[in-house]
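# Reading the structure
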Amino acid sequence: MLAEIKAADASRRVSFARLASMREAGLIAIILALCIAMSFASPHFLTWGNFRAMLMSFSIEGIVVVGMTILLIVGGIDLSVGSVVCFSMVVSGALFLAGLDPWTASLIGIAVSALIGAVMGFFVTVVGLNHFITSLAAMVIVRGLCLVITKGTPLSLFTLPPEFKAIGQGNFQGVPYVIIIFVVVVAIFDFLLRRATAFRKVFYTGSNEKAAQFSGIKTNQVKFWVTVLCATLSGFAGVIYMARFGAATPTFGAGMELNVIAAAVIGGASLKGGSGTIFGAILGMALLSVVTSSLILLDISVYWQDMIKGCILLAAVSADHFLHRKKS
Amino acid sequence: MSDAPVLQIRNLSKAFGSVQALSGVQFELRRGEVHALCGENGAGKSTLMNMIGGILQPDEGDILIDGKPVTIASPAAAQKMGIALVHQEIALCQDATVAENICMAAINARRAPLMNFQQVHADAEKAMNRLAPIAVRTKVADLSISSQQLVEIAKALTLDCKVLILDEPTAALTETEAQRLFAIVRGLKQRGISVIYISHRMAEIFSLCDRVTVFRDGRYVATEAIEATSPNDVVRKMVGREITQLYPDKLPANARPGRALLSVRGLSDGTRFANVDLELRAGEILGIGGLIGAGRSEIAQTICGLRPATAGNVVLDGKDVAIRSYADAVRAGLVYLSEDRKGSGVFLDLSIAANVSALDLGKLTGRFGLLDRHAEADQATSLAKQLGVRMAGIDAAVSTLSGGNQQKVAIAKQLSVAPKVIIMDEPTRGIDVGAKVEIHRLLRELANQGVGIIMISSELPELIGLCDRVAVVREGRIAGELETGQLDEETIIMLASGVQPNAAYEGQAQNVA
């Protein structure tokens, strides 16, 4: 026993879940294997252009994944992320068309997204509904708002000033700003989630809410703020999409929540709360993206894509379940 | 009818990965006997029961029923062979009614497409009323834990079984309920039903059982007729060493404990209890006894700000403290250890270190709101060492620990804030004998260091053996306070129940020590 304590002494490290890092290593291995296989199958796969396209395709959604992962860890879920992304776009776009400068309009778009999060947080923590139902209602209501604001037609924003569009379309020394923003957001939140005291409370609350309360943690506050954070990041993603597309379509983002939740779960987040990492979730997203890209390069009909993604999700969760059961 | 034992286990082994849970154990159950199975947590009792109940399959060895070797492939197969298993942990459908739970097997076997609720309720009532007057139309979620345990037992009794396995059935029961259960077990025995009785409580085993088998570390140690052995002997076989003294020394009678550490005056919550006065003095361990549901946990939680109070005040270490939330209590130096270890005591899937830090993250927070991982590791390492937590390392998940060690982690969490007073709610429930003794010693050590200890317990020997003073709660009021010299089981039961104890009561009178 003394030896064990000494061993613990020697490591002097508190890693949150060795299992999670095992999972991340496994995902990296699968992604690498896929990439190697694809490099033989298609000469276009291992090119900077293809990688840039893949990264671009999941960068903005990746910001939403960050929020969703933290929300899953606290034991919540948000089905409204796609609607909120769209709402942020539409509100910012409409305000810009009404004469506001695009930066202020974007800030307002992000702020109203946060407000939607606060309303959901209110229903979850004060009224006592669960995240699933609350966000399901929000998903539909917010989508409806998007249609009301735009009267159902896309807002054309080609008049956006070039320095704003650059966020979505420009690049710094060949690296798109979108990717830079994505990497920075992921790095910040991955670090905070592992190290910051405030985010440790997220794990406590998600792992065992009652025990967290019995440790003096105000779990309702934690859940409220994480709900707000997830919606805010969705709003942030929305304005980047606006800059990228130079348009705001009222149907944009429909179904995004499923992709985002799938990525987080493949990356190790549990729907029961208490576990998950942002790095893992991003790897989950990368895996889905590599698969999509491979299917396109292999000339497989797009109609197959959803089916294959679904199977990957099922396989990942089954593997996890199997490993967990073996362990206990 | 043959003379073969109704159930026989020969040379049974089971491994989980690299851990050998059982190696070559034997066990024999005669017709109509109550056979106790003892061993510390991790001795392999539950593993064996799960194999008899068809939940796990043995790696090698034989299970014989009525002398014939059998394979028990599933819980349903076990039921068909007449084996009923009542788990230690409650496994009822919380949202269904008592009747629906009790009659689950019958409903499952029913061929008609629609439910016959009349019959379900009648059958359930018949089964339930033998144990306790619990309304069968109540939702299980609305019942107390002890009532749920009784429903679980009633459910097993509806199966037409010849072997009934009870895994710590009295862990959550009050004395009266336990007595009623014992009467039923004796009745079953007379009808020729055999019972395997798993318990840590020696008094129960010695009043109820015919024989006792002891396991230690996955191995068979011995089987003895109950007349031929003694509680001390069984405990010795369980732990494999002599436990000379089960309880640490109390305060000497002449040493009046010091100043008042905590005094509670006129505390009420408007529903469960009223006008509670308590005083805890430095150096003593104050016990709180009473029946389950008397309001003991509610009083403790209200003192600590986990539940709102409607009246009363709390003076901690001479200072009037206003406690509105648990965070206030912790800041003032008052902490509460929950009775429900897995439900609200520990974070099972988080690391030991993360568990220990949960109570005061502020202390471990460095610049920029970041957690100081070295400080966290140091704190967890030193507390784990102080409490003797057996673990692979401080970053192992708490779920990998045994019950006793999980509880030590929960206590380490309380100690991390250097509290003035700790209120412990059933700190040794469901913990094996060895860990229990360690926790008792630890509580006494803390008391000697001047930390105020209040311990709520349903186990009378524990209250009497460990505490310097015991306050007994009945129906939300302090029914009486007993000093060391006045502590005995009868007086406590009398105060707790408000009636003279039943003359037939014999079980708990035998003290382990």
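Fair warning: this is a prediction, and the values are worked out from it, not measured in the lab.

Residues and elements named next belong to chain B. Taking every second residue as pointing to the same face, both faces of strand E6 (residues 83–86) are buried, with Ile-83 and Leu-85 on one and Ala-84 and Val-86 on the other. One ladder, built from 4 bridges, connects E6 with strand E7 (residues 163–167); its direction is parallel. Counted as the bridge partner of Ala-84 is Leu-164 from E7.

All names here are of chain A. When the UniProt feature table is mapped to this numbering, "transmembrane region" (unreviewed entry) covers residues 51–74, 81–100, 106–129, 136–154, 174–193, 224–245 and 278–297. With 85% helix and 0% strand, residues 81–100 has end C-alpha atoms that lie 25 Å from one another. Note that residues 174–193 is 85% helix and 10% strand, and that its end C-alpha atoms are spaced 30 Å apart.

Let's shift gears to helix H11 (residues 219–245) of chain A. Residues and elements named next belong to chain A. Between its terminal C-alpha atoms H11 stretches 39 Å, which fits the 39 Å expected from 27 residues at 1.5 Å a residue. Most of H11 is tucked away, with 23 of its 27 residues classed as buried. Phi turns positive one or two residues past the end of H11, at Gly-246, with a value near 60°.

On to the nonpolar core, then. Counting 172 residues, the largest nonpolar core has Val-64, Val-65, Met-68, Ile-70 and Ala-264 of chain A together with Ile-423 of chain B as its most contacted members. The greatest single-element share of this core, amounting to 16 residues, is contributed by H11 of chain A. Apart from residues no more than four positions distant in its own chain, Ile-70 of chain A is found in contact with Leu-193, Val-202, Val-226, Leu-229 and Cys-230 of chain A. Among the nonpolar cores identified, the runner-up in size contains 74 residues, and Val-25, Val-98, Ala-171 and Phe-206 of chain B belong to it.

A few words on the domain arrangement of chain B. Residue and element names in this part refer to chain B. Domain annotation of chain B identifies domain 1 (7–239) and domain 2 (260–509). Taking only C-alpha atoms, the centre of domain 1 and the centre of domain 2 are 30 Å apart. Broken down by element, the residue count for the side of domain 1 that touches domain 2 peaks at 4 residues, all from helix H7 (residues 175–190).

This part takes up the sheet that holds E6 of chain B. Residues and elements named next belong to chain B. Taken together, 6 strands build an open sheet; the order of strands is E6-E7-E8-E3-E9-E10 and the sheet is mixed. In this open sheet, the two edge strands, each paired with only one partner strand, are E6 and strand E10 (219–225). Direction aside, neighbouring strands of the sheet carry axes that sit 15° apart on average. Of the strand pairs in this sheet, strand E3 (residues 34–38) and strand E8 (residues 194–198) are connected by 4 bridges, and their pairing is parallel. Bridge assignment links Ala-36 to a residue of E8, and that residue is Tyr-197. Across the face of the sheet, H7 comes into contact with E3, E7 and E8 while running at roughly 145° to E8.

About the criteria used
- Residues numbered from 1 in each chain as written.
- Chains lettered and ligands numbered in written order.
- Predicted model: local features only at pLDDT ≥ 70, side-chain atom pairs only at ≥ 80, totals over all residues.
- Buried ≥ 20, exposed ≤ 12 C-beta atoms within 10 Å, placed from the backbone.
- Helix = DSSP H or I, 4+ residues; strand = E, 2+ residues; numbered from the N terminus.
- Pairing = 2+ DSSP bridges.
- UniProt positions renumbered as here; feature names shortened; annotations may be inferred.
- Expected span 1.5 Å × (residues − 1).
- Core = buried A, V, L, I, M, F, W, Y, C linked by C-beta atoms within 7 Å.
- Contact = placed C-beta atoms within 7 Å.
- Domains from an automatic or database assignment.
- Axes fitted to C-alpha atoms, helices over the stretch in contact; angles between N-to-C directions.

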